[in-house]
Amino acid sequence: QVQLVESGGGLVQPGGSLRLSCAASGFTFSSYVMSWVRQAPGKGLEWVSDINSGGGSTYYADSVKGRFTISRDNAKNTLYLQMNSLKPEDTAVYYCATPGGSWGQGTQVTVSS
């Protein structure tokens, strides 16, 4: 079955950086668009970024454009999210997701001084 395991979250000061990873298994990772979404405390889900199956096309929410970079390594079945210039409003649980609606357990990102 589909399994997605996110990692790399943590506590970081404003302006700092983190790199999230999502290890995928149970499906043909290289065939699918993959997404990052997040949920801030007390708020709904927010789409963050998509990447196409080959990694050549990427898409970002306006709130993260220019600061976050999505990438993938299809040989390692792993999705990444490089997050730079982090802001307190980036605080959320970050999830990777498949088009079929599978999610991981999420990784907490907290941006605070």
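Scroll up to find the structure.
Residues numbered from 1 in each chain as written. Predicted model: local features only at pLDDT ≥ 70, side-chain atom pairs only at ≥ 80, totals over all residues. Heavy atoms only, no water.

1. So, the sheet that holds strand β9 (residues 92-97)
Move 1: One open sheet accounts for six strands, arranged β2-β10-β9-β4-β5-β6; its pairing is mixed. Because the sheet does not close on itself, it has two edges, and the strands there are β2 (10-12) and β6 (58-60). Ignoring strand direction, the axes of neighbouring strands in this sheet form an average angle of 25 degrees.
Move 2: Pairing analysis gives six bridges linking strand β4 (residues 34-39) to strand β5 (residues 45-51), with the strands arranged antiparallel. Along β5, the bridge assignment pairs arginine 38 with glutamate 46. (Pairing = 2+ DSSP bridges. Helix = DSSP H or I, 4+ residues; strand = E, 2+ residues; numbered from the N terminus. Axes fitted to C-alpha atoms, helices over the stretch in contact; angles between N-to-C directions.)

2. Re the nonpolar core
Nonpolar side chains in soluble globular proteins tend to end up buried together.
Move 1: In terms of nonpolar packing, the biggest core is built from 27 residues, with Trp36, Phe68, Leu79, Leu81, Met83 and Tyr94 touching the most fellow members.
Move 2: Counting residues per element, the ones that place at least two in this core are β3 (18-25), β4, β5, β7 (68-73), β8 (78-83), β9 and β10 (107-111).
Move 3: Sort the elements by how many residues they give to this core and β3 lands first, with four residues.
Move 4: Apart from the residues lying within four places of it in its own chain, the contact partners of methionine 83 are Gly16, Ser17, Leu18, Leu20, Arg67, Phe68, Tyr94 and Val109. (Core = buried A, V, L, I, M, F, W, Y, C linked by side-chain atoms within 4.5 Å. Buried < 20%, exposed > 50% of the residue type's maximum accessible area, 1.4 Å probe, protein only. Contact = heavy atoms within 4.5 Å.)

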